[in-house]
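Observations on the three-dimensional arrangement
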Amino acid sequence: MQRPLLIALVLTLGTLIVIGTASFAQIPDTYTNLKVLPKDIKKAQLMQRMKEFSRALGVRCHFCHVGEEGKPLSTYDFASDENHHKDIARLMITMTQKINGEILKDFKDGQFTQVSCQTCHRGKKEPEE
Ligand code: HEC
Ligand code: HEC
């Protein structure tokens, strides 16, 4: 690859990483109401799970959290349980963990890959939509 092209590529990637990190700068670094995910989860891992959920259901953060679409994420109350979709999501996380950890673990040789939210939801809030 030509050198200027390589430099341009590195700069672009760098910028994308900075933008990606900055968008979660308004979110707290410590968590007070985790009931199913590990309590000592790192911010990067938690944000990865949240992005995974959002993508799998085709929704944004406010679908499960108290906050308004279009408002800065700093105005959201992520720890609150007022939004009942959050409770459903907790149940779904537990269900997925049980399917993977208790049921599919008995199938050897990679006959089945692990299930995830995406396996059923495929970008929809309700799989049968
Ligand atoms: C499909 C539902 C769903 C979506 C969409 C979702 N979340 Fe969550 N989020 C949850 C659930 C459930 C928990 C609590 C997990 C637990 O109890 O262990 C949580 C917890 C959190 C917490 C920890 C709050 C605390 O202090 O305990 C933060 C921060 C968070 N989410 C941010 C986000 C962000 C940012 C987005 C959008 C990119 C997002 N979430 C999208 C379901 C969702
Ligand atoms: C085995 C299939 C399956 C998996 C895996 C699964 N879901 Fe679901 N989920 C469903 C079904 C089916 C419904 C719809 C129930 C209904 O129509 O009342 C649903 C409904 C929901 C709802 C409520 C949506 C609404 O409009 O009220 C949320 C939130 C949700 N799932 C989150 C998740 C998350 C987050 C994950 C991954 C941790 C996940 N689901 C994994 C099958 C699944």
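Everything discussed here concerns the structure shown above.
Residues numbered from 1 in each chain as written. Chains lettered and ligands numbered in written order. Predicted model: local features only at pLDDT ≥ 70, side-chain atom pairs only at ≥ 80, totals over all residues. Heavy atoms only, no water.

So, about the overall build of the chain. Summing up its helical and strand segments, the chain has four helices and zero strands in all. Each helix and strand of the chain, ordered N terminal to C terminal, gives the series α-α-α-α. By residue count, 22% of the 129 residues in the chain fall in the buried class. Nonlocal contacts in the chain, meaning residues at least 24 apart in sequence, comprise 41% of its contacts between residues at least 6 apart. A total of about 9800 Å² of accessible surface is found on the chain, and carbon and sulfur atoms cover 61% of it. (Helix = DSSP H or I, 4+ residues; strand = E, 2+ residues; numbered from the N terminus. Buried < 20%, exposed > 50% of the residue type's maximum accessible area, 1.4 Å probe, protein only. Contact = heavy atoms within 4.5 Å. Areas by Shrake-Rupley, 256 points an atom, 1.4 Å probe, with all protein chains shown as cover.)

Surrounding the iron atom of ligand 2 are the protein donor atoms M92 (SD) and H121 (NE2), which sit 2.0 to 2.3 Å from the metal. Geometry at the iron atom of ligand 2 is octahedral, judged from the six donor atoms that bind it and their angles of 85 to 179 degrees at the metal. Placement of the pair is M92 in helix α3 (residues 84-103) and H121 in helix α4 (residues 117-121), with a sequence separation of 29 residues. Judged by its relative accessible area of 34%, M92 is partly exposed. Residue H121 is classed as buried on the basis of its relative accessible area of 11%. (Donors = N, O, S within 2.8 Å, 3.2 Å for Na, K, Ca; no water. Tetrahedral: all angles 85-135°; square planar, octahedral: opposite > 155°, others 65-115°.)

Close to ligand 2 lie 17 residues; M92, C117, C120, H121 and E126 are nearest. Taking H121, its side chain carries an N or O atom lying 2.8 Å from a nitrogen atom of ligand 2. Elements with a minimum of two residues in the shell around ligand 2: α2 (43-57), α3 and α4. Here the shell around ligand 2 gets six residues from one element, more than from any other, and that element is α3. (Near = heavy atom within 4 Å. Polar contact = N/O pair within 3.5 Å; in protein donor to acceptor, adjacent residues only side chain to side chain.)

Attention shifts here to the packing of aromatic side chains. What the rule picks out here adds up to one aromatic pair. Ring centres of Y76 and F78 lie 5.4 Å apart, and the angle between their planes is 25 degrees; on these two criteria the pair is classed as stacked. Residue F78 is classed as buried on the basis of its relative accessible area of 18%. (Phe/Tyr/Trp six-rings, centres within 6.5 Å; stacked < 30°, edge-to-face > 60°.)

Our focus in this paragraph is α2. Each turn of an α-helix holds 3.6 residues, which means side chains three or four residues apart point in the same direction. The end-to-end C-alpha separation of α2 is 21 Å, in line with the 21 Å expected for 15 residues at 1.5 Å each. All of the buried residues in α2 are L46, M47, F53, A56 and L57. Next to the buried residues of α2 lie α3 and α4. G58, located one to two residues past α2, shows a positive phi value of around 65 degrees. (Expected span 1.5 Å × (residues − 1).)

Moving on, we get to α3. For α3, with 20 residues, the first-to-last C-alpha span of 28 Å sits near the 28 Å given by 1.5 Å per residue. By the burial criterion, the buried members of α3 are K86, R90, I93, T96 and N100. Angular distribution of buried residues about the axis of α3 spans 130 degrees; they occupy a single face of the element. Away from the buried face of α3 by more than 90 degrees, exposed residues H84 and L91 are located. Packed against the buried residues of α3 are α2. (Arc of directions from axis to C-beta.)

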